[in-house]
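Each chain is listed here by its residues.
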Amino acid sequence: MPNIKIKSKTEIKPPFAEATEGRSGWKFVVSIDETEFEVEVEEEYWQKLTQGKEMSACTELTEVKKLVKRSFDFLLARESKESILKKFDLSAIQKYFPEYESEIRRM
């Protein structure tokens, strides 16, 4: 199994540095071996996947990182790291893998 490292590129809300006004969420750099990926997680999508679970800001960031890690585990079980987009929003996974949301909620 590859070594996956996740670091926050932007701190928790409000919005991404280059995001449009009113958009909030998180941006991460995910490293798998020597390959880096930029992943955005919109707060609205996070709320959808967690069914609106309330948390403190610190706990929430930790949980979002876990979601990103589980999402990469999900992707790597289905494709090589070379096939994963280098920059994407987490919600894009559902477009390629319709089972993503139901499976990620169980992980």
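Located above this text is the structure these notes cover.
Small disclaimer: the values here were computed from a predicted structure and weren't measured. (Residues numbered from 1 in each chain as written. Predicted model: local features only at pLDDT ≥ 70, side-chain atom pairs only at ≥ 80, totals over all residues. Heavy atoms only, no water.)

A.B. asks: What exactly am I supposed to notice about the pairing of strand β2 (residues 25-32) here?
C.D. replies: Looking along a regular strand, one sees side chains alternate from face to face of the sheet. Among the eight residues that make up β2, eight are buried, leaving the element largely enclosed by the rest of the structure. Burial along β2 is two-sided: Gly25, Lys27, Val29 and Ser31 facing one way and Trp26, Phe28, Val30 and Ile32 facing the other are all buried. Here β2 runs beside strand β3 (residues 35-42); their pairing, made up of eight bridges, is antiparallel. Directly across from glycine 25, in β3, lies its bridge partner glutamate 42. Counting the residues that bridge the hairpin from β2 to β3 gives two residues, and of these aspartate 33 lies at a positive phi of roughly 55°. (Buried < 20%, exposed > 50% of the residue type's maximum accessible area, 1.4 Å probe, protein only. Helix = DSSP H or I, 4+ residues; strand = E, 2+ residues; numbered from the N terminus. Pairing = 2+ DSSP bridges.)

A.B. asks: Looking at this structure, how should I read the nonpolar core?
C.D. replies: By size, the foremost hydrophobic cluster in this structure holds 26 residues, and its most contacted members are Val30, Val41, Phe72, Phe88, Leu90, Ile93 and Tyr100. Breaking this core down by element, the ones donating at least two residues are β2, β3, α1 (43-50), α2 (57-76) and α4 (100-106). For this core, the element with the most residues is α2, which contributes eight residues. (Core = buried A, V, L, I, M, F, W, Y, C linked by side-chain atoms within 4.5 Å.)

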